[in-house]
Amino acid sequence: MKFAISDQIRSVHAPPITEVKGWLASREPDPGRPLIDLCQAVPDYAPARQLTDYLAACLDDPAMAKYSPDEGLLEVREGVCARYGRVYGAAPAPEGVCLTIGASQAFWLAMVTLCRAGDEVIVPLPAYFDHPMALEMLGIRPVWLPFDEKRGGVVDPAAVERLITPRTRAILLVTPSNPTGVVTAPDVIHELYSLARRRGTALVIDETYADFIPGGAAPHDLFADPHWGDHLVQIMSFGKTYALTGYRAGCLVASDEFISHALKAQDTMAVCQPRITQHAVLYGVRHLDDWVAGNRLMMERRHDLFRSVFTRPGNPFELAVSGTFFAWVRHPFPGRSGREAARRLAVEAGVICLPGEVFGPGLEPYLRLAFGNIREEAIPEAVERFRGLAV
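Since the model is a prediction, treat every value here as computed from it, not as a measurement. Numbers given for residues are sequential positions, taken from 1 along each chain in its written order. Predicted model: local features are reported for residues with pLDDT of at least 70 only, side-chain atom pairs are reported and counted for 80 or more only, and whole-chain, interface and lining totals are derived from all residues. In computing side-chain values, all of the structure's heavy atoms are included and hydrogens and water are not.

1. A look at the overall build of the protein
- Strands are runs of DSSP state E lasting at least 2 residues, helices are runs of H or I lasting at least 4, and numbering of each runs from the N terminus. A count of helical and extended segments in the protein gives 13 helices and 13 strands.
- A compact globule built from 391 residues should have a C-alpha radius of gyration of about 21 Å, and the protein, at 21 Å, falls within 12% of that.
- Across its three principal axes, the protein shows a C-alpha extent of roughly 55 × 55 × 55 Å.
- Each residue gets one of three labels from its accessible area relative to the maximum for its type: buried under 20%, exposed over 50%, partly exposed in between, using a 1.4 Å probe on protein chains only. Looking at the protein residue by residue over its 391 residues, the buried ones come to 54%.
- For the protein, the accessible area works out to roughly 16500 Å², and carbon and sulfur atoms hold 53% of it. As a reference, a globule follows 2.2 Å times the number of residues to the power 0.38, and the radius of gyration itself is taken over C-alpha atoms. Each accessible area is a Shrake-Rupley estimate made with a 1.4 Å probe; only the visible protein chains count as cover when residues are assessed.

2. Some thoughts on the layout of surface pockets
- Quantified by volume, the largest pocket comes out at close to 480 Å³.
- What lines the largest pocket is a set of 27 residues, and nearest its centre among them are Ser104, Tyr128, Asp130, Lys240 and Arg248.
- Counting residues per element, the ones that place at least two in the lining of the largest pocket are helix H2 (16-22), helix H5 (102-114) and helix H6 (130-137).
- Forming the walls of the second largest pocket are 25 residues, and the residues nearest its centre are Pro124, Leu125, Leu145, Gly153 and Val155.
- Breaking the lining of the second largest pocket down by element, the ones donating at least two residues are strand S3 (120-124) and strand S5 (168-174).
- Here the element with the most residues in the lining of the second largest pocket is S5; it accounts for three residues.
- Class assignment for the residues of the lining of the second largest pocket results in 16 nonpolar, six polar and three charged. Both site types are read off a 1 Å grid over the protein atoms alone. A 1.4 Å probe that fits but cannot get out defines a cavity, while an open set with protein on both sides within 12 Å along at least five of seven lines defines a pocket; lining residues have an atom within 4 Å of a point. Grid points are joined across faces, edges and corners, and a volume is the space filled by probe spheres set on the points. Any residue that is not Ala, Val, Leu, Ile, Met, Phe, Trp, Tyr, Cys, Pro, Asp, Glu, Lys or Arg is counted as polar, Gly included; the first ten are nonpolar and the last four charged.

3. Here we look at the UniProt feature "domain: Aminotransferase class I/classII large" (unreviewed entry) in the protein
- UniProt positions are given in the numbering used here, feature names are shortened, and annotations may be inferred rather than shown by experiment. Under the local residue numbering, the UniProt record ascribes the feature "domain: Aminotransferase class I/classII large" (unreviewed entry) to residues 35-386.
- Measuring from the first to the last C-alpha atom of residues 35-386 gives 13 Å, for a span that is 38% helix and 17% strand.

4. Side note on the pairing of strand S4 (residues 141-145)
- Direction of pairing for S3 relative to S4: parallel, over a ladder of five bridges. The residue of S4 that forms the bridge with Val123 is Trp144.
- When the strands point away from the viewer, a crossover counts as right-handed if the route from the first strand across the helix to the second turns clockwise. Where the polypeptide runs from S3 across H6 and back to S4, its parallel neighbour, the crossover connection is right-handed. We treat two strands as partners when DSSP finds at least two bridges between them.

5. Section: empty space enclosed by the protein
- The final tally for this structure, using the stated rule, is one cavity of 30 Å³ or more.
- If you add up the space inside the largest cavity, you get close to 60 Å³.
- Contributing to the lining of the largest cavity are Val80, Arg83, Tyr84, Val87, Tyr88, Asp211, Met236, Phe238 and Val285.
- It is helix H4 (residues 74-88) that contributes the most residues to the lining of the largest cavity, five residues altogether.
- Of the residues contributing to the lining of the largest cavity, the split by class is seven nonpolar, no polar and two charged.

6. Brief notes about the pattern of salt bridges
- The term salt bridge refers to a pairing of a side-chain nitrogen on Lys or Arg with a carboxyl oxygen on Asp or Glu at a separation within 4 Å. For the coordinates displayed, the defined rule picks out 22 salt bridges.
- For Arg141, the salt bridge identified is with Glu120, shortest N-O distance 2.9 Å. Of this pair, Arg141 sits in strand S4 while Glu120 sits in strand S3, placing them 21 residues apart in sequence.
- Residue classification places Glu120 among the buried positions, given a relative accessible area of 10%.
- Through salt bridges with shared partners, a single network forms among Arg83, Arg86, Asp211 and Asp289.

7. Some thoughts on the sheet that holds strand S2 (residues 97-101)
- Here we have seven strands laid out as an open sheet, ordered S2-S8-S7-S6-S5-S3-S4, and mixed in their pairing. Single-partner strands in this sheet number two, and they are S2 and S4. Shown here is a sheet whose adjacent strand axes are inclined to one another by a mean of 25°, direction ignored.
- By the bridge criterion, five bridges tie S5 to strand S6 (residues 202-206) in an arrangement that is parallel. The partner of Ala170 across the bridge, within S6, is Ala202.
- When checking whether two residues touch, look at their non-hydrogen atoms; a contact exists if any pair is within 4.5 Å. Lines fitted to C-alpha atoms define the axes, with helix axes restricted to the stretch in contact, and inter-axis angles between N-to-C directions lie between 0 and 180 degrees. Running over the sheet, H4 touches S2, strand S7 (232-237) and strand S8 (249-253) and is turned about 105° from S2.

Pasting the structure below:
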């Protein structure tokens, strides 16, 4: 290549899942010891058969190949809002919903609408790696809130407030957390929302895994506040909820005014979420509440079994915190990076996971494990491989 590229993108690390899977090139295949994938948070179960049958019939409609309005079809946004009412006890209006190409695009829309280059966003550690990658590409400064293992990874609103400056445009919260699985309790979310209101900034909540909160509890009741849109921006995904990760099914939820500005970026970035994805979401929000609840219970069982087996005495790896979809683990190699530990697991034990440092600075002692790809019957073997790695 004989031309320059942006210094902002040059300084961003490569997609970490691609990097980790590249390590497998040096591993000899072992039919008696197949690879165990704890790397990517992709459900291993298929979409509901009734949903895929519905989509197959939709393909005969010529309209399915056309653009929709930038924000998405009204009937889909109405269906999404009706489901919000069931899950949260209150809902935004359809005018406050923009359907997006996954939650990642919703995050980009939120950031380009909120921030200018040089502005700041408070980012609790560990952070979902796509978020700081996007901020750095946009010239937005992530202000790190250190991970507090003693608090179980729960964000401390008082510590957040100490980081606010005149350049702060948003407080970012991911709950349930990717990568720790930690669920932020509704009272803490209320504290953070009150802080954002008091300090005149936005609380941006990514709730990609909200449908996997243990017990099916409501994530919060902020939408019951008639003025919720004054300081709240929500990022949501249906990819994990309905096992549609390849369909890129996300949405941005905010005030009507915020959405009207975000649509300027939407039109230049993607125009609209594909119609086939919108119809998949519509079918899901109308018909699959029980199916979603069943998968949540299955993921809870996976997590509970993993936690029980992993924390038995004699494991050199230490469970720091965990939740339905993820575990955040401290590796037993002092002075070694998470990459070194994760590469050893990949090459020597046939287990792939993500190194802690891809989730932010100072996190080299940790690894992220994801439960989407591992069935219950494989969990004891996976844990045994951690126990058996030479320290």
